[in-house]
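# Fold and geometry: a report
Okay, here's what each chain looks like letter by letter:
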Amino acid sequence: MSHLPLYWRVCLTNWAVFCVGTLVLALSPARVSERVLASEAVVLAVGLVVMATLNALLLLRSLAPIDRVIRTMDSVDHLSPDQRLPTPGKGAGARLVASYNAMLERLETERSTSNAKALAAQEAERHRIAQELHDEVGQSRACLGKHRPRHRGKRRMGRPQVASA
């Protein structure tokens, strides 16, 4: 039954409980008359409560892994890695928990890859800006070097000094 979809598991659980209830009613000495007596109503009410309780317990057991996944999904901090659910034995609940844990693993891997790509892009941009600044400084120095007068080893030529009298 563990390979069936959850919908069919719920249907089969309900069907089994109602079949047991019907068999108990058919095989027991309890009878229902045309006009339901108070004692018969009590027996029917007790039977209904027993069937509903049994159904609830069976469904609770079947759906418990889903509730655990929902609670974990509500509380997961996506910035803290390694928040996983313990995988129960087997069945639909175990497959759901395993799928959820695999999804968290994929998200963490994708986040890590995205962060690495973003850092690489930032580093490439820094490198590009540094190269542009280096080229600009080099061009400015070269430009200044062309326009600077060459004085090395030569006397300055300027206005003649007038002797004072």
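First, a word on what this report is: a plain description of the structure on this page. Every chain begins its residue count from 1, and numbering advances along the sequence as written. With pLDDT at 70 or above as the cut-off, local features in this predicted model cover only qualifying residues; side-chain atom pairs require 80 or more to be listed or tallied, and sums for whole chains, interfaces and linings still use all residues. Side-chain measures were taken over the full set of non-hydrogen atoms in the model, leaving aside hydrogen atoms and water.

### Some words on the overall build of the protein chain
Going by this rule: Note on conventions: DSSP H or I runs of at least 4 residues are helices, E runs of at least 2 residues are strands, and numbering of each starts at the N terminus. Contact between two residues is taken to exist if any of their heavy atoms lie within 4.5 Å; hydrogens are not considered. Throughout, the Shrake-Rupley method with a 1.4 Å probe supplies accessible areas, and for residues the shown protein chains are the sole cover considered.
The helix and strand tally for the protein chain stands at three helices and zero strands. When the helices and strands of the protein chain are placed in sequence order, the string is α-α-α. Excluding contacts between residues fewer than 6 apart, the proportion of contacts in the protein chain whose partners are at least 24 apart in sequence is 54%. For the protein chain, the computed accessible surface area is about 13,900 Å², with 63% contributed by carbon and sulfur atoms.

### Description of the layout of surface pockets
Leftover empty space is mapped by rolling, across the atoms, a probe with the size of a water molecule. Here is the rule: Cavity: a set of points on a 1 Å grid over the protein atoms alone where a 1.4 Å probe fits but cannot get out. Pocket: an open set with protein on both sides within 12 Å along at least five of seven lines, its lining residues, like those of a cavity, having an atom within 4 Å of a point. Grid points are joined across faces, edges and corners, and a volume is the space filled by probe spheres set on the points. Each residue gets one label: Ala, Val, Leu, Ile, Met, Phe, Trp, Tyr, Cys and Pro are nonpolar, Asp, Glu, Lys and Arg are charged, and the others, such as Gly, are polar.
By volume, the largest pocket is sized at about 320 Å³. In terms of lining, the largest pocket is formed by 16 residues, of which the most central are G21, V24, L25, G47 and M51. Along the lines of polarity and charge, the residues of the lining of the largest pocket split into 12 nonpolar, four polar and no charged.

### Some words on helix 2 (residues 38-75)
Put simply, the rule reads: Here the bend at a residue means the angle between the axes of two seven-residue stretches, the one that ends at it and the one that starts at it. Type-normalised accessible area, obtained with a 1.4 Å probe on protein chains alone, sets the label of each residue: buried when under 20%, exposed when over 50%, and partly exposed for intermediate values.
In the structure, helix 2 departs most strongly from a straight axis at L63, where the bend amounts to approximately 50° and where the proline P65 lies between one and four residues downstream. All of the buried residues along helix 2 are E40, M51, N55, L59, S62, P65, V69 and T72.

### Structural notes on a nonpolar patch on the surface
Quick note on the threshold: Here, patches come from residues exposed beyond 30% relative accessible area and free of salt bridges, joined within 9 Å for like charges and within 5 Å for nonpolar side chains (Val, Leu, Ile, Met, Phe, Trp, Tyr). Counted as salt bridges are all cases of a side-chain nitrogen of Lys or Arg within 4 Å of a carboxyl oxygen of Asp or Glu.
Side chains of L25, V36 and L44 sit close together on the surface and give an oily, nonpolar patch of about 230 Å² of accessible area. With respect to the helices and strands, V36 occurs in the loop between helix 1 (6-27) and helix 2. The class for V36 is partly exposed, based on a relative accessible area of 49%.

### Side note on the environment of I66
Among the structural elements, I66 can be located in helix 2. The class for I66 is partly exposed, based on a relative accessible area of 24%.

### Some words on the nonpolar core
The line we're drawing: Here, nonpolar core refers to any group of buried Ala, Val, Leu, Ile, Met, Phe, Trp, Tyr and Cys residues whose side-chain atoms link them within 4.5 Å.
Counting six residues, the largest nonpolar core is built from V69, V76, L85, V97, Y100 and L104. The element contributing the most residues to this core is helix 3 (residues 92-147), with three residues. In contact with L104, other than residues within four places in its own chain, are V76, Q83 and R84.

### Quick look at the pattern of salt bridges
In the structure shown here, the tally under the stated rule is three salt bridges. Close ionic contact of R128 with E125 constitutes a salt bridge, the shortest N to O distance being 2.4 Å. With a gap of three residues between them, R128 and E125 both fall in helix 3, about one helical turn apart. The shortest N-O distance in the salt bridge between R128 and E132 comes to 2.3 Å. Placement of both R128 and E132 in helix 3 is noted, with a separation of four residues, approximately one turn of the helix. By relative accessible area, which is 40% here, E132 ends up partly exposed. Look at the salt bridges and you will find they share partners, linking E125, R128 and E132 into a network.

### Brief notes about the side chain of E108
For E108, the location among the structural elements is in helix 3. Residue classification places E108 among the buried positions, given a relative accessible area of 18%. Setting aside chain neighbours within four positions, we find E108 in contact with S80, P81, D82, Q83 and R84.

### What to know about the side chain of N101
With respect to the helices and strands, N101 occurs in helix 3. Discounting chain neighbours no more than four positions away, the residues touching N101 are R84, L85 and T87.

That's the geometry; what it means functionally is another story.
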